[in-house]
There are 2 protein chains.
Amino acid sequence: MSAPLDLLVLGNAIVDVIARTDEGFLSAQGVAKGAMQLIDEPRAEELFSAMGPATIVSGGSGANTAVGAAILGAKTGFVGKVREDELGRLFAHDLKATGVAFGVAPAKDGPATARCFVLVTPDGERTMNTYLGACQGLSPADVNEATVASARVTYLEGYLWDPPAAKDAFRKAVRIAHNAGQAVALTLSDAFCVGRYRDEFLGLIRDGSIDILFANIGELQSLYQTDDPDAAIRALRDERDNRGRHLLGLVTRSEEGSVVVKGGEIRAVEVSPVREVVDSTGAGDLFAAGFLAGHARGLDYVTSARLGALAAAEVIQHIGARPQGDLVALARARGLI
Amino acid sequence: MSAPLDLLVLGNAIVDVIARTDEGFLSAQGVAKGAMQLIDEPRAEELFSAMGPATIVSGGSGANTAVGAAILGAKTGFVGKVREDELGRLFAHDLKATGVAFGVAPAKDGPATARCFVLVTPDGERTMNTYLGACQGLSPADVNEATVASARVTYLEGYLWDPPAAKDAFRKAVRIAHNAGQAVALTLSDAFCVGRYRDEFLGLIRDGSIDILFANIGELQSLYQTDDPDAAIRALRDERDNRGRHLLGLVTRSEEGSVVVKGGEIRAVEVSPVREVVDSTGAGDLFAAGFLAGHARGLDYVTSARLGALAAAEVIQHIGARPQGDLVALARARGLI
């Protein structure tokens with residue numbers, strides 16, 4: 001894994017257990033619609049027993065991004081922790097089958113491979129309950145210096161702030177990437193995640209740890225604690241790190257498209273057409289995948305954001321957060337690549 | 001599990017590992033398109049490594065039938081063997097979540113829960129490679145006498161002839177059902193399966209073990225070793241058991257609809273409309289589910305076959321062999337129930 005990479009993703013290695021459900025089930029289970037909530041093992045058992053028939057597919061926000069970027073031609077690697085069990089094997093297989101380099105050794109014991117119970121309501125919205133399991137074993141030892149140094153962009157999940165040791169792996173990766181003159185990207189992951197770690201995320205932005213920031217508008221509003229989406233975007237536009245540099249910001253706004261924030265300027269990018277939203281899981285992950293793959297191909301920011309919108313549109317039209325359609329053919333048909 | 005059942009299904013308890021593929025992959029792997037082939041554990045590992053990203057959903061021909069019938073209102077039970085592992089828990093969960101009674105204890109050790117690698121080509125055809133694993137542990141001890149005696153129809157997979165001990169479980173169930181004055185149904189499962197056990201299946205039909213036979217036209221032609229579909233249907237029409245009784249035959253012919261063969265007569269039933277065949281896995285299983293659920297509701301054979309066609313049409317329009325749409329609403333909209 002030391003050949004140069006366009007993109008190295010650090011994230012929680014998670015398998016999705018997806019069931020269709022209705023609003024009544026969400027209320028009965030006391031889960032907040034649209035959010036990601038962490039659960040422990042007994043609660044995972046209880047929720048699984050109560051939910052409907054399940055489909056199991058690999059997931060994990062960052063891993064979804066890695067797969068999408070690899071499919072779109074970026075040389076991509078992934079760092080995350082599974083256990084040596086059936087779901088862990090599925091996760092590793094699915095990365096390799098899509099051309100993502102994945103060299104982290106699975107844990108031989110300890111908690112099982114992480115799973116996210118994804119409850120999809122008839123409106124296509126997804127509500128997530130995550131048991132982190134083996135992800136809690138990700139540590140700085142899993143971050144290979146040569147690999148990080150070789151990657152043009154190292155992309156980090158905000159969710160990595162949840163399992164305690166992963167934060168150290170995250171900081172190690174930032175240090176190596178910047179020492180090698182490479183870029184670091186962060187996704188804010190989830191509005192509630194931002195609520196848990198707001199000060200730390202703002203700290204990372206302001207101390208120069210982050211060169212590229214991905215967020216949806218809800219996450220950005222949570223970061224800046226404002227009800228006004230435009231105010232949140234302006235706050236991002238006005239951010240400068242301790243060396244006075246603006247970062248590159250990519251903000252998604254569901255059916256209102258996305259916004260590229262760069263060098264104090266704001267540029268809106270239109271959404272890709274969608275026939276029917278079946279399952280919105282992975283929309284943000286695939287936007288990041290398309291953007292980063294476009295960036296790796298040398299496309300300008302707006303065209304890269306259009307590629308992101310296209311990848312996001314594909315993934316929300318079916319169950320599961322990994323692409324099923326031929327993203328390259330779709331991108332060619334739209335003249336993006 | 002001793003409240004009266006409309007339907008008790010005995011089958012191989014299998015989880016499907018589904019990947020999209022192309023004709024080239026099938027040739028390179030040397031697998032016969034459209035068929036079900038048995039594989040051992042090393043071959044299962046090899047095939048999984050080579051195949052693309054996978055979706056995991058519960059399957060198993062008979063279990064798919066049980067789930068479809070339960071969703072359509074039949075009180076249904078299932079008998080089959082999983083191991084106590086993650087895929088075994090998924091399988092048991094998915095039965096219970098759809099209202100199918102499932103009381104067979106999982107194996108605590110021995111081979112893993114069975115998995116079927118389902119390779120779906122762009123034309124929607126599925127090619128199956130099955131590692132039987134824990135299914136080989138199904139034995140007569142797993143067949144509860146009171147449960148079988150309570151069931152109006154006991155439905156058996158031809159595939160049960162593959163794991164050696166399951167055949168004894170099958171014969172025990174036939175004996176109990178007939179002693180209790182109940183009906184026994186058999187599905188021929190697969191043309192190659194018929195090739196393996198032709199004489200035994202004909203023996204079961206002719207010694208009065210089977211009251212209702214499900215087959216697709218390829219399986220029926222394999223049974224009677226004829227290239228002429230009409231000749232195969234006439235041969236079925238003319239079957240009589242050792243007491244001179246005709247059986248009830250249901251023959252599916254893909255887009256040409258189905259045929260009800262009863263009392264020396266043949267009646268064609270039209271197909272249900274389909275927008276696009278995405279994955280044909282489970283078409284026959286769901287036809288049987290709809291027919292048996294209709295039968296349990298007291299519908300005539302032709303209306304029951306229409307309900308079967310409707311359930312089959314739903315399942316081939318998405319990935320996986322378990323219904324995802326609301327079969328009851330679809331059946332009501334068509335005036336079938």
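Every value quoted in this text rests on a predicted model; they were computed, and no experiment measured them.

1. Regarding the overall build of chain A
When you go through chain A residue by residue, the secondary structure sums to 12 helices and 14 strands. Taken against the 2.2 N^0.38 rule, which gives 20 Å for 337 residues, the C-alpha radius of gyration of chain A at 18 Å falls within 12% of a compact globule. Residues classed as buried in chain A amount to 55% of the 337 residues present. Relative to all contacts within chain A whose residues are 6 or more apart in sequence, the contacts with residues 24 or more apart total 75%.

2. Digging into the interface of chain A and chain B
Each partner contributes to the interface: chain A provides 18 residues, whereas chain B provides 18 residues. Listing elements by their share of the side of chain A that touches chain B, those giving two or more residues are strand S4 (55-58) and helix H4 (86-97) of chain A. Sorting elements by how many residues they give to the side of chain A that touches chain B places H4 of chain A first, with six residues. With three bridges connecting them, S4 of chain A and strand S4 (residues 55-58) of chain B associate as antiparallel partners.

3. Notes on the sheet that holds strand S9 (residues 151-157) of chain A
All names here are of chain A. Pairing in this open sheet of nine strands is mixed, and the strands run S6-S5-S1-S9-S10-S11-S12-S13-S14 from one edge to the other. Since the sheet does not close on itself, it has two edges, and those belong to strand S6 (101-102) and strand S14 (265-269), each with one partner. As defined by bridge partners, strand S13 (residues 258-262) adjoins S14 across five bridges and the pair is classed as antiparallel. Directly across from lysine 262, in S14, lies its bridge partner glutamate 265. Against the sheet, helix H11 (residues 301-315) touches strand S12 (248-252), S13 and S14, its axis set at about 150° to S13.

4. Observations regarding the sheet that holds strand S12 (residues 248-252) of chain B
What holds strands together in a sheet is hydrogen bonding between their backbones, with the strands either parallel or antiparallel. Residue and element names in this part refer to chain B. Taken in spatial order, the nine strands line up as S6-S5-S1-S9-S10-S11-S12-S13-S14 in an open sheet, and their pairing is mixed. In the strand order of this sheet, the two ends are held by strand S6 (101-102) and strand S14 (265-269), each with one partner. Here five bridges tie strand S9 (residues 151-157) to strand S10 (residues 183-187), and the two strands are oriented parallel to one another. Opposite threonine 154, over in S10, you have valine 184 as the bridge partner.

5. Points about the packing of helix H8 (residues 217-224) of chain A against helix H9 (residues 229-237) of chain A
All names here are of chain A. It is at 9 Å that the axes of H8 and H9 come closest, and there the two elements cross at 70°. For the element pair H8 / H9, the angle class is roughly perpendicular. Between H8, through Ile217, Leu220, Gln221 and Tyr224, and H9, the contact on the second element is made entirely by Pro229, Ala232, Ile233, Ala235 and Leu236. Partitioned by chemical class, the residues of the contact of H8 with H9 number eight nonpolar, one polar and no charged.

6. Topic: the nonpolar core
If you look at the biggest cluster of nonpolar residues, it comprises 231 residues, and the most contacted ones within it are Leu7 and Leu292 of chain A together with Leu7 and Leu292 of chain B. Non-local contacts of leucine 7 of chain A, meaning those with residues more than four positions away in its chain, are made with Ala69, Ala74, Thr76, Ala151, Val153, Tyr155, Leu292 and Ala296 of chain A.

7. Overview of the relation of the copies chain A and chain B
Once chain A is rotated about the relating axis by 180° and shifted along it by 0.0 Å, it coincides with chain B to within an RMSD of 0.0 Å. Here the symmetry operator amounts to a two-fold rotation axis. Proximity to the rotation axis, assessed at the C-alpha, singles out isoleucine 56 of chain A in chain A; its C-alpha lies 2.4 Å from the axis. Both copies present the same face, since 100% of the interface residues in chain A are matched by interface residues at the equivalent positions in chain B.

8. Structural notes on unusual backbone geometry
The phi angle at glutamine 225 of chain A is positive, at roughly 45°, despite the residue not being glycine. As for its placement among the helices and strands, glutamine 225 of chain A is situated in the loop between H8 and H9.

9. Things to note about the environment of glycine 257 of chain B
Residues and elements named next belong to chain B. Structurally, glycine 257 can be placed in the loop between S12 and strand S13 (258-262). The partly exposed category is assigned to glycine 257, around which 16 C-beta atoms lie within 10 Å. Spatially, the C-alpha atom of glycine 257 lies 4.7 Å from that of glutamate 270, the residues being 13 residues apart in sequence. Filtering out sequence-adjacent residues up to four positions away, glycine 257 remains in contact with Ala268, Val269, Glu270, Val271 and Ala309.

10. As for the packing of helix H7 (residues 191-206) of chain A against H8 of chain A
All names here are of chain A. H8 packs onto H7 with a crossing angle of 50° between their chain directions and a minimal axis gap of 8 Å. As far as their axial angle goes, H8 and H7 are oblique. Like other packed secondary-structure pairs, H7 and H8 cross with a definite hand, here right-handed. Touching Ala191, Val194, Gly195, Arg198, Phe201 and Leu202 of H7 are Gly218, Glu219, Ser222 and Leu223, all from H8. Partitioning the contact of H7 with H8 into residue classes produces five nonpolar, three polar and two charged.

11. Quick notes on helix H9 (residues 229-237) of chain B
Those residues of H9 of chain B lying buried are Ala232, Ile233 and Leu236 of chain B. One face of H9 of chain B carries all of its buried residues, which in axial projection span an arc of 95°.

12. So, the environment of threonine 130 of chain B
All names here are of chain B. Structurally, the position occupied by threonine 130 is in strand S8 (residues 126-131). Taking the C-beta count within 10 Å as the criterion, threonine 130 has 24 such neighbours and is therefore assigned buried. Considered as a pair, threonine 130 and glutamine 37 are 93 residues apart in the sequence and their alpha carbons are 6.1 Å apart. Aside from chain neighbours lying at most four places away, what touches threonine 130 is Ile14, Met36, Leu38, Ile39, Ala114 and Cys116.

Rules behind the numbers
- Residues numbered from 1 in each chain as written.
- Chains lettered and ligands numbered in written order.
- Predicted model: local features only at pLDDT ≥ 70, side-chain atom pairs only at ≥ 80, totals over all residues.
- Helix = DSSP H or I, 4+ residues; strand = E, 2+ residues; numbered from the N terminus.
- Rg over C-alpha atoms; globule rule 2.2 N^0.38 Å.
- Buried ≥ 20, exposed ≤ 12 C-beta atoms within 10 Å, placed from the backbone.
- Contact = placed C-beta atoms within 7 Å.
- Pairing = 2+ DSSP bridges.
- Axes fitted to C-alpha atoms, helices over the stretch in contact; angles between N-to-C directions.
- Parallel < 35°, antiparallel > 145°, perpendicular 65-115°, else oblique.
- Nonpolar A, V, L, I, M, F, W, Y, C, P; charged D, E, K, R; others polar.
- Core = buried A, V, L, I, M, F, W, Y, C linked by C-beta atoms within 7 Å.
- Least-squares fit on C-alpha atoms with pLDDT ≥ 70 in both.
- Left-handed = near helix turned anticlockwise from the far one by under 90°.
- Arc of directions from axis to C-beta.

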